[in-house]
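Working through the structure, step by step
Here is how the chains run, residue by residue.
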Amino acid sequence: MSRRHQETPASIAPGAPVSRWRRFSRGLARTFLAFLLLLLLASGLLVGAVLWVLMVPSGQEILRKHTVERVSALFPSASLELGHVGMDLSGDILLTDLRLLDSGAGELAGLGSLRIRWNPSELLVGRLHVTSLSLDYPRAALSVSENGDLNLWTALGIEPDEAEPDSPASPWEGLPVDLVLDRFSVSGAAFSFSNGDQVSAVHNLELVASLKGQERNVELRDLALGGRLAIKQSGSTTLDSQLALAGSVLFLDGDLELAALRASLASFTLALDGRISALETAPAMALSLEMEGLDPAEFQGLAGDLGVDGPFGAAFQVTGPMDQIQVDGELDTPSGSLGLNALLDLEARDIAWNARLELNELALHDFVSAISEPSILNGRIVAGGEGTQWPSGLQARATLELEPGMLWGEPLAGLQGSLDLHDGALNLNSLEVDTALASLITDARVVFPQMTTRASFRLAAPDLSRLARFGVEDLRGRGQVRGNLVLNPAGDSLEGSVDGNLDLKGLAYGDIANLAVVKGSFHAGFS
């Protein structure tokens, strides 16, 4: 017998238990696989049955009625109408002809259609992947009653006090699943808001964006929005202009990032870039802001005639935490610029601020309609204070120092002084203005909003003949006036009085009068 035949029995016997274990494990695997296949088949049949129900008309009608009942329960003072809801063979969810009606059968909001294209299988791995979500012709008409109640609050059954809780909302806890929205689009949207005599409306709004969310991170990218904004006041149109918004907004690990965010209305554009770190806990800013084409004339219907003509532009950097926000930049006017360096404390009980303004060849007569003569200013204003509400909620102090320039067509040798605003009263302290026409030193107090004014002054004119450019002809001489002025505005009228002392020399008026010295006191009232 060969060596091979002799060794075969001895090699088989010891391995018998191993073979039995292999047969057992293979059988167990086959059984588990069969069970798994059966479970998947049962799940598939269940999902298929649900999908079948959603795709046949009878199933869609059941779902429509159930949706109306569940959603209507959220609106105790309104009713919901829904034309169709269901799913097609491709898995798309479709909802059409939705209307939310108030108790008087007036439409509060509506939607032409909502279509969702998604991948249901990705829910198994905790991911909601929507390839496309589109809203066609969404609309809403919001209004505020005479009592200040929003019609939507009434429809929802929410009391005004409930809409604005006293306690701050807790920080956002995050999404339960990962969300990926490849494309979000809105077409033909129309929204309006009426508050008394003013009606604001956005028409033909188009929007496209992508959205991605994972736990507390949300990324809104490639946003592109366009539409038309119209505002009517007492029936007349005060603004009707195109508006647009583009860019990306990201909320990542508690930081808010604005990436190339651009907004425009009429000829005005605003650009924002940068980041606000630790938005929910200890915000710190690192933002850049640029604006172009701001012309107040385009918004006169809203703000009235401010007496200022544009366009204006600006570039600013905003940095620092909320208790030490630094603002640095420059405002470009139609002629000249205004530099700004400011420090804000937004966490103070009354917002604290300090600012330094640099006036660089600022030609006021080019854009301020009330100034008809050349007025070119150079210098600086240093100010600080607390609060922001004008006038009683604002406490401020400032010093003014202007270098040689022009003021109302006259060479300006300089201007200096200080002012303070306290409890609604503005105090000018030793304000000195020195021009070729005259020099003025004054202390004044103006009380807002009545605009009552009390001032003491000393006005010195080295050459009265220069008054000819203001229509005062044939007057010559020099001198000074010291006195006190009181002004009391009352509606459209103005009442006041002035008293003081004259000290004139070489006074002459044409060939009629020629006086070497004129001294005396005077008092005059006017209305």
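None of these values were measured; they are calculated from a predicted model.

Turning to the nonpolar core, a few remarks are in order. Formed by 24 residues in total, the largest nonpolar core has its most connected members in L114, L133, L135, L207, L229, L239 and L265. Mapped onto this core, the elements with two or more residues apiece are β1 (78-87), β3 (107-118), β4 (127-136), β6 (178-195), β7 (198-214), β8 (217-233) and β9 (236-252). In contact with L133, other than residues within four places in its own chain, are L114, R115, I116, L181, R183, F184 and S185.

A word on the packing of aromatic side chains. Per the counting criterion, the structure on display carries one aromatic pair. Plain terms: the ring middles of F312 and F367 are 5.6 Å apart, the flat faces sit at 85° to each other, and that makes the pair edge-to-face. With F312 in strand β13 (residues 312-321) and F367 in the loop between β16 (352-363) and β17 (376-389), this pair connects stretches of sequence that are 55 residues apart. For F367, a relative accessible area of 7% translates into the label buried.

In this model, G310 is joined to P311 through a cis peptide bond whose omega is 5°. Relative to the assigned elements, P311 resides in the loop between α6 (300-303) and β13. With an omega of 0°, the peptide bond between F448 and P449 qualifies as cis. With respect to the helices, strands and loops of the structure, P449 is situated in the loop between β21 (439-447) and β22 (452-461).

With respect to the helices, strands and loops of the structure, G385 is situated in strand β17. Along the sequence, G385 and R397 sit 12 residues apart, while their C-alpha atoms lie 6.1 Å from each other. Dropping the residues within four chain positions of it, G385 is found in contact with I351, A352, W353, Q395, A396 and R397.

Averaged over the chain, the pLDDT score is 81; the fraction of residues at 70 or greater is 81%. Every residue in residues 1-16 scores below 50 in pLDDT, and together they form one contact with partners more than four places removed in sequence or on other chains. Low confidence marks residues 162-170, where pLDDT is under 50. Its contacts with residues over four positions away, or in another chain, come to three contacts.

Conventions and cut-offs
Residues numbered from 1 in each chain as written. Predicted model: local features only at pLDDT ≥ 70, side-chain atom pairs only at ≥ 80, totals over all residues. Heavy atoms only, no water. Core = buried A, V, L, I, M, F, W, Y, C linked by side-chain atoms within 4.5 Å. Buried < 20%, exposed > 50% of the residue type's maximum accessible area, 1.4 Å probe, protein only. Helix = DSSP H or I, 4+ residues; strand = E, 2+ residues; numbered from the N terminus. Contact = heavy atoms within 4.5 Å. Phe/Tyr/Trp six-rings, centres within 6.5 Å; stacked < 30°, edge-to-face > 60°. pLDDT = per-residue confidence, 0-100.

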